[in-house]
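# Chains, contacts and geometry: an overview
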Amino acid sequence: MTGAPDRFDSPALIDHHCHSVLAGPADAAAFGALLTEGATPSWADPFDSALGLSVRRWCAPVLDLPPHAPASDYLARRAELGPAEVTRRLLTASGTTALFVDTGFRSSELLGLAELGTAAGAPAFEVLRLETVAEQVAAGGVGPAQYPDSVAAAVASRARTAIACKSVLAYRHGFDVDPARPTDTEVRAAAGRWLRGRSGPLDDPVLLRHVLWCGVDTGLPLQLHTGFGDPDEDLHRANPILLTGFCRATAATGVAVMLLHCYPYHREAAWLAHVFGHVHVDVGLAATYVGPRASVLLAEVLEIAPFGKVLYSSDAFGLAELYHLAALRFRRAVQDLLDGWRRAGEAAEPDVHRITAMIAADNAYRVYGPGRV
Amino acid sequence: MTGAPDRFDSPALIDHHCHSVLAGPADAAAFGALLTEGATPSWADPFDSALGLSVRRWCAPVLDLPPHAPASDYLARRAELGPAEVTRRLLTASGTTALFVDTGFRSSELLGLAELGTAAGAPAFEVLRLETVAEQVAAGGVGPAQYPDSVAAAVASRARTAIACKSVLAYRHGFDVDPARPTDTEVRAAAGRWLRGRSGPLDDPVLLRHVLWCGVDTGLPLQLHTGFGDPDEDLHRANPILLTGFCRATAATGVAVMLLHCYPYHREAAWLAHVFGHVHVDVGLAATYVGPRASVLLAEVLEIAPFGKVLYSSDAFGLAELYHLAALRFRRAVQDLLDGWRRAGEAAEPDVHRITAMIAADNAYRVYGPGRV
Amino acid sequence: MTGAPDRFDSPALIDHHCHSVLAGPADAAAFGALLTEGATPSWADPFDSALGLSVRRWCAPVLDLPPHAPASDYLARRAELGPAEVTRRLLTASGTTALFVDTGFRSSELLGLAELGTAAGAPAFEVLRLETVAEQVAAGGVGPAQYPDSVAAAVASRARTAIACKSVLAYRHGFDVDPARPTDTEVRAAAGRWLRGRSGPLDDPVLLRHVLWCGVDTGLPLQLHTGFGDPDEDLHRANPILLTGFCRATAATGVAVMLLHCYPYHREAAWLAHVFGHVHVDVGLAATYVGPRASVLLAEVLEIAPFGKVLYSSDAFGLAELYHLAALRFRRAVQDLLDGWRRAGEAAEPDVHRITAMIAADNAYRVYGPGRV
């Protein structure tokens, strides 16, 4: 990594939730569209943002440009190096030890798991997007009567090679649903309706709850998109606090619930991680976007979240820059916060090292399983 | 301005939402009542607040008193100078380049647009308060059948000389309404009910939606009061995130949606500005009240709000002090945040100057229109 | 107090809401369970938290251990000294001038008021938990017809020796209830249902509202648990902003409404304190848990809360450590914030001292009554 020295002590960094990188090149429009969660066109230039400044400051040197290079220079140099070299440079600069990759969204445009792992110099594991499995079962021609068992079987089968399951209930409906597992009768009735009129993504609340509980049944850690995301969601209906009932309902299952992103509701998410033994939290995605403010986000989460419940993720999608920036912001945030505590006499140096390692990798290693990662 | 040197580089500062100044003097009770959004009487002295300290610190020198002058000295000196001189001093101290003024609230107590502009040494433009137009049409004796067209015509006519429209739906009902334009049949039925029993401000949700969409039809930027305000509103029902559906519904109209104040929901408002191309945001009013914490509020908004979507407003009402303090806090907040980024190596100096100018005036100039401002 | 010098100028510190200390010893499991609001078992060690680090840093020296002593050393030394000595040391270290104690929760495990006062070297006053009174009346064998008057009489009688009333409506139902006083007919009907099936704590919303208004009728300050607490509550339904209607309904009663804890909704609580003359706020409990971040919480509350409306509480329960840490964090938070304003020229030294004294004790003294405290 070019730039300021990195004083993070633990080299291990597990990215417990990301996507893969674009396989091909990105022109200015495509690059800009991936630099925002927003709809386009917009009245604002995506480079004029905390994230845009971060790309010019921290990624430019990785591509041999001076810090703060203009966006046009950056895009020209990026095109000149080509996608493979850009990806290789930025992913290795991220220093990530392992990547857990959601393979269920726009995967045809992205590098496969093996290619991503090679580019990053780190193993890549599959995170199984539950709604995509249900949609694939539906596309395969299942009837309403067979729907519950067929989806359950497909999830169970696909989970054998996955590191985690993931739900995008936040996007498809919002968390304002009954948290309980629906009965097979309810599922069959809902499947009858949805399969008949099916023209888009799975958005029936009963079927969304059904596949979510199929995920619980796998015993794998269950990741949930919460908070910050694109305008397909209602942000306030993706507030993780609305999962309180689901956290209660899953407390006795032994399954780890992993709340992703959470911003700007990360203090509420931290409360869930505080009071429910099996709930974990990260501020991925947001920490990349907010640039220098990442340390504030981490500080807000660590106010009441137990140190053993906070993890690192990038939620990077498409642009190799996002993996590098996520790792850089996370490392600096941990450093700012914990080393600040050490300097203020609030924490001893060995504790700082230990807590840093927990959040960066050890918590993920424990949750997702020794022997798996 | 007396006090600490002002290192803000761009002199241009467009206040895209304010009210006018009291025409007459204010005794201690009247001054105190304008120094809070709260009901009176209160168990607390309004001077014992971040805003009260700010008046004593930053306005006292403008009236030739030492910083931190006692409240009683301040009020005595204010009375001695008289309202015209106090207004002239504090408004010119604010260094505002242009003022966009909501003329629809308690306007009989306040200076007219021309007088305000003269006192400030800057042009003042009218912001048209939509609900007031509808109430004026009702007061003029319209029947239910004519109500939809009469209100629409009045809004269109008044808009010809206005710089923007403004809605106080937050106060009159809250944002928990259907965001869609109501049909004429619905409006006529609602008008029949409201006109019959009319005894106070417009508060029927159908009629509020109707006049809001009349505002959209003008094509002018549409300002919405959101968040922080007085106890006539339910704060949580004024959360801008509840406008998500309205943002979706207006995305294709070409109208700029301007979310005012937003505190303490400004991170949620920033998400709306991030994901919807036409949505803009400010932290006016709150930034004045919170005093030294204004830079934190701005930092929180700029976490994910694009720099091209953030504007300055004072939302000052009645007291000339509020214009000066709003401008002072805003300039310092921008300085603290952006110059902090420069010092930390996160942003280059030309970017800092450019972004500062965007937020202070250029975004407003672009949204409200060259040729108008 | 051992540790960093305490530069807090006012020695007076009124803890306007706490519980009592465990009467007996606490083994590692019991200690850990009291170091979190969370359910056990958890995937995380309670010592690995901002609060856990605080105990090791700031309480260890009070027990003659070096700062940052390992948790096992701390627990061993604690056992060696015995509960009486540990309690005496940590409570006197807290430097609290008076304690207002909720006596209605798990009181059989805790020191009585007199014992607590002796250990703290400070007078202890009773805070009357309203729901407990209603449950005691029910346990005494009242019928539905007598229920309204019997509960009202019991509250009035018990209130004669109490400093305040307290409601845990947040735990028993949430604030999403009609804020109005229920009629006697409604109360009798609800009492009929609840008394028949009674098997646990009072959770009927009509009866909860009834006893809440019995509390209002006493004229004593009314404390309400809001925000941060254990998983028996739904955090978002304990958001104090949902008390807006209740604040309106009580505005004319002359009763002070005291919003306890509030985190992470303390900015919304501060708005209530800003706009309603009789509403007060604290960030107790949370300020202890978040450790070095307590000054941020206080800063967030003082953004718009009038200085005359903010109080100190520990909400400490069970562990003597929590009284010491609450006082220490509060003193440092006030110091960080107000002395920061002084250094930045935002406030004069006499104002800093005066505001400090207000928040630490004078506001409590004024609200709860000279002649009582």
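Rules used in this analysis
- Residues numbered from 1 in each chain as written.
- Chains lettered and ligands numbered in written order.
- Predicted model: local features only at pLDDT ≥ 70, side-chain atom pairs only at ≥ 80, totals over all residues.
- Heavy atoms only, no water.
- Least-squares fit on C-alpha atoms with pLDDT ≥ 70 in both.
- Contact = heavy atoms within 4.5 Å.
- Buried < 20%, exposed > 50% of the residue type's maximum accessible area, 1.4 Å probe, protein only.
- Helix = DSSP H or I, 4+ residues; strand = E, 2+ residues; numbered from the N terminus.
- Polar contact = N/O pair within 3.5 Å; in protein donor to acceptor, adjacent residues only side chain to side chain.
- Buried area = accessible area lost by both parts, 1.4 Å probe.
- Salt bridge = Lys/Arg side-chain N within 4 Å of Asp/Glu carboxyl O.
- UniProt positions renumbered as here; feature names shortened; annotations may be inferred.
- Nonpolar A, V, L, I, M, F, W, Y, C, P; charged D, E, K, R; others polar.

### A few points about the relation of the copies chain B and chain C
For the pair chain B and chain C, the relating rotation is 120 degrees, the translation along its axis is 0.0 Å, and the fit reaches an RMSD of 0.0 Å. Classification of the inter-copy transformation places it as that of a three-fold axis. Counting the interface residues of chain B, we find that no more than 3% of their copies in chain C are interface residues as well, pointing to two distinct contact surfaces.

### Some details on helix H12 (residues 266–275) of chain B
Counting buried positions along H12 of chain B yields 10 of 10 residues, so the element is predominantly enclosed. Every buried residue of H12 of chain B is listed here: His-266, Arg-267, Glu-268, Ala-269, Ala-270, Trp-271, Leu-272, Ala-273, His-274 and Val-275 of chain B.

### Some points on the side chain of Arg-89 of chain C
All names here are of chain C. Relative to the helices and strands, Arg-89 is located in helix H4 (residues 83–94). Take Arg-89: its relative accessible area is 18%, and that puts it in the buried class. Polar side-chain contacts of Arg-89 include one of 3.0 Å to the backbone oxygen of Val-62. Among the polar contacts listed, one links the side chain of Arg-89 to the side chain of Glu-85, at a separation of 2.8 Å. When sequence neighbours within four positions are dropped, the list of residues in contact with Arg-89 reads Val-62, Leu-63, Asp-64, Arg-77 and Leu-81.

### Describing the interface of chain A and chain B
With 37 residues of chain A at the contact, the number on the chain B side is 35 residues. Both sides together, the interface formed by chain A and chain B hides about 2900 Å², and carbon and sulfur atoms give 58% of it. Per-residue buried area on chain A facing chain B is highest for Trp-43, Asp-48 and Arg-293 of chain A; these three make up 26% of the total on that side. Counting across the interface, chain A meets chain B through six salt bridges. Note that Glu-346 of chain B is salt-bridged to Arg-329 of chain A, the shortest N-O span being 2.8 Å.

### Let's talk about the pattern of salt bridges
Across all of its chains, the model carries 78 salt bridges over all chains by this definition. Between Glu-126 of chain C and Arg-158 of chain C there is a salt bridge, with the nearest N and O atoms lying 3.3 Å from each other. Here Glu-126 of chain C, found in strand E3 (residues 124–129), pairs with Arg-158 of chain C, found in helix H7 (residues 147–159); they are 32 residues apart in sequence, far enough to count as distant. Relative accessible area serves as the criterion here: at 13%, Glu-126 of chain C is assigned to the buried category. The partly exposed category is assigned to Arg-158 of chain C, whose relative accessible area is 30%. If you follow the salt bridges from partner to partner, you end up with Asp-64, Arg-77, Glu-80, Glu-85, Arg-88 and Arg-89 of chain A in one network.

### A look at the UniProt feature "domain: Amidohydrolase-related" (unreviewed entry) in chain A
The UniProt record annotates "domain: Amidohydrolase-related" (unreviewed entry) at residues 135–369 of chain A. Helix makes up 52% of residues 135–369 of chain A and strand makes up 8%, while its end C-alpha atoms are separated by 28 Å.

### Things to note about the interface of chain B and chain C
Listed per partner, the contact involves 37 residues of chain B and 35 residues of chain C. For chain B, the biggest contributors to the area lost against chain C are Trp-43, Asp-48 and Arg-293 of chain B; these three give 26% of the whole. At the surface where chain B touches chain C, the tally comes to six salt bridges. Linking Asp-351 of chain C and Arg-56 of chain B is a salt bridge whose minimum nitrogen-to-oxygen distance equals 2.6 Å. Linking chain B to chain C there are 19 residue pairs in polar contact (both at pLDDT 80 or more). With five residues, the single largest contributor to the side of chain B that touches chain C is helix H2 (residues 50–59) of chain B. Class assignment of the residues belonging to the side of chain B that touches chain C gives a composition of 18 nonpolar, eight polar and 11 charged.

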